[in-house]
Amino acid sequence: MNVVQGLKCRECGREVAVGPVHVCEFCFGPLEVVYDHDRQRRVVTREAITAGPPSLWRYADLLPVLPGATPQERVDLGAGFTPLVPAPRLGAALGLRDLWLKNDTLNPTNSFKDRVVSVALSAARRLGMTTAACASTGNLAQSVAAHAAGSGMDSCVLIPADLEEAKVMATAVYGTRLVAVDGNYDDVNRLCGEIASEDDDWGFVNVNLRPYYAEGSKTIGFEIAEQLGWRLPAHVVAPMASGSMLVKIDKAFREFTQLGLVDDAPWRISGAQATGCSPIATAFKSGVDAIRPVRPDTVAKSLAIGDPADGYYALDVVHRTGGAMEDVSDPEIAEAILLLARTEGVFAETAGGVTVAVLAKLAAAGKIDPDERTVAVISGHGLKTLPVLQGRATPTHTIVPTLDAFHSALAIQEVHA
Ligand SMILES: Cc1ncc(COP(=O)(O)O)c(C=O)c1O
Ligand SMILES: [Zn+2]
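Below is a summary of the structure that appears in this document. It should be emphasised that the depicted structure is a prediction, and the values quoted were computed from it without experimental measurement.

Residues apart from glycine generally show negative phi values, whereas peptide bonds are mostly found in trans. Here Asn110, not a glycine, exhibits a phi torsion of approximately 65°, which is positive. Residue placement: Asn110 occurs in the loop between strand 5 (99-103) and helix 4 (113-126).

Our focus in this paragraph is the pattern of salt bridges. Counted under the stated rule, the structure contains 31 salt bridges. Between Asp38 and Arg41 there is a salt bridge whose closest N-O contact spans 3.8 Å. One end of the pair, Asp38, and the other, Arg41, are both in helix 1 (residues 37-43), 3 residues apart, so they sit about a helical turn from each other. A residue is classified by how much of its surface remains accessible, and Arg41, at 46% relative accessible area, is partly exposed. Across the pair Arg97 and Asp371 runs a salt bridge, and its minimum N-O distance is 2.7 Å. Of this pair, Arg97 sits in the loop between helix 3 (88-94) and strand 5 while Asp371 sits in the loop between helix 14 (350-364) and strand 13 (374-378), and the two are 274 residues apart along the sequence.

Pairing within the open sheet is antiparallel, and its 3 strands lie in the order 2-1-3. Both outer strands of the open sheet, strand 2 (15-16) and strand 3 (31-35), are each paired with one neighbouring strand and no more. Of the pairings in the sheet, the one linking strand 1 (residues 4-9) to strand 2 comprises 2 bridges and is antiparallel in character. Looking at the pairing, Leu7 lines up with Val16 of strand 2.

Rules behind the numbers
Residues numbered from 1 in each chain as written. Chains lettered and ligands numbered in written order. Predicted model: local features only at pLDDT ≥ 70, side-chain atom pairs only at ≥ 80, totals over all residues. Heavy atoms only, no water. Helix = DSSP H or I, 4+ residues; strand = E, 2+ residues; numbered from the N terminus. Salt bridge = Lys/Arg side-chain N within 4 Å of Asp/Glu carboxyl O. Buried < 20%, exposed > 50% of the residue type's maximum accessible area, 1.4 Å probe, protein only. Pairing = 2+ DSSP bridges.

Okay, here's the thing in structure tokens:
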């Protein structure tokens, strides 16, 4: 069943045919996918979704599956349908009585990027592209390399040269051509735009495939609503780099409401950034619409986009839904990673630390109602960014191998406790 009608400019509304294009020829606005809503209303039901695979592809009829595409030719490592878990101990620490975590650390390459990559590369194949590529702040690199390897596509991944070692190794392992660029993400992204305009066979997931790629993030919102028993949460707190994921969670809730899959109820969406790269949160807090690009300087490298493509749309969503934005310092990020791990057993990378630290800040400021159902999106795994815990996560005791030494070490701790 094909539900995709074409692409449409988000600014001037002009429509174009499906293809490897991402900006409007008339006004240079970003393009997005247009669906046949009547057809969707006929085929998308709770029952049909529930009968689908335990992955993001259970929502295939709400995604940019291109004409003629078959499930067999999907680029699919099993991304999505990650756990949504209650977080009572973290909630108690923050004064929130109905807190949940969307644990996207449990995707195939341990970040939410597997969702957008699976959707983008499935479209790329259909468009006849042979090389999977991206500009990455780290997680996207791993995901593109893995999905390309797992589907037999060629790949080439461009990263800023100063990326975390774990992310570099966890990308190189898949045998991709890995190009480290002496510059920041915004430099890498600009270079990728230039390469993409040279060669039609190259599918840059977040450049010329961006309209398809971005739609993959809707599945976080779909899953949250389905996993809450076909109900919308009252509040979602999401991390922002380009701002795309946050915008697409809102779009997911709107689509579920319009299709009658959930009751119409208000929701709020709040955005989280690191202070060292907070162009969107800064614009929000200053009450302006213009986003001033910044030069990133933060441990949260996965969120280090100084000139965010969807920043303006993220501001709009947060204003429209009555949410808020905040930013947090590098030490606050590390503390929040520890707090989350110690209260809920979930180990997040720096982006998750940003989300939890901002959640705490918003709760303390009364911007989250203690009783409202709140979901924090934990978007990447902690093993990716171990160095931020240097000196903060160490053995609590070091002893010689005797029973006496063991007992006295623990006894000393009890006296101090
Ligand atoms: C772990 C993680 N969380 C969140 C984000 C933010 O994504 P977006 O660019 O859609 O705002 C990224 C982006 O790279 C990421 O790697
Ligand atoms: Zn336009």
